[in-house]
Structures are given as structure tokens and as C-alpha cells.
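Each chain, letter by letter, is given below.
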Amino acid sequence: MYKSFDMSEIVNLRHARKLRERAKAASQAAKNRARFGARKVDKDLEAARQAQAERRIDGHRRENGGDADT
């Protein structure tokens, strides 16, 4: 007699927004814990690796600014 329609679940938009914001905040908190929660030795090691990578890239740079015609 009645047809069964598969309908979507009703979503409270305010609740969905709050859940999305909480997930974003949790993700940012995890990044901050990884970044600022490290020991000084680990921070120094990461800074040294970053500096070495930048020096390596700068060493491969062309003197003419990368312009192949000049």
C-alpha cells in the first residue's frame, strides 16, 4: 500500500557545522602538538635539515635567474 522511499538522513546544519569546526580544531591541535611539543634537540635537528635543504636548492639555482634565453 505504501511505498518505501529511501530518504537521506535529516541533518541539523548547526550541529554539522560544530562537528566540522571541532574536527578542524582537533587537526590543528595535533599539528601544534607535533610542532611545539618537540624537544629542543628535535627542533634543532629539524631546523638543520631545513637549512641544508634550502642550501641544496640554492646551490642548484641558475645565476641568470632561470631564464634559458639569456
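This text goes with the structure placed above it.
This structure is a prediction, so every number in the text was calculated from the model and none was measured.

Reading the values: rules and limits
Residues numbered from 1 in each chain as written. Predicted model: local features only at pLDDT ≥ 70, side-chain atom pairs only at ≥ 80, totals over all residues. Heavy atoms only, no water. Salt bridge = Lys/Arg side-chain N within 4 Å of Asp/Glu carboxyl O. Helix = DSSP H or I, 4+ residues; strand = E, 2+ residues; numbered from the N terminus. Buried < 20%, exposed > 50% of the residue type's maximum accessible area, 1.4 Å probe, protein only.

1. Some details on the pattern of salt bridges
Counted according to the given criterion, the structure contains three salt bridges. Measuring nitrogen to oxygen at the nearest pair gives 3.6 Å for the salt bridge that ties glutamate 21 to arginine 17. Of this pair, glutamate 21 and arginine 17 are both found in helix α1 (residues 13-36), four residues apart, which corresponds to roughly one turn of the helix. Residue class for glutamate 21 comes out partly exposed when judged on its relative accessible area of 42%. A salt bridge links aspartate 44 to lysine 40; its shortest N-O distance comes to 3.9 Å. Taken together, the residues span about one helical turn, with aspartate 44 and lysine 40 both in helix α2 (residues 40-59) at a distance of four residues. Residue aspartate 44 is classed as partly exposed on the basis of its relative accessible area, which comes to 43%.

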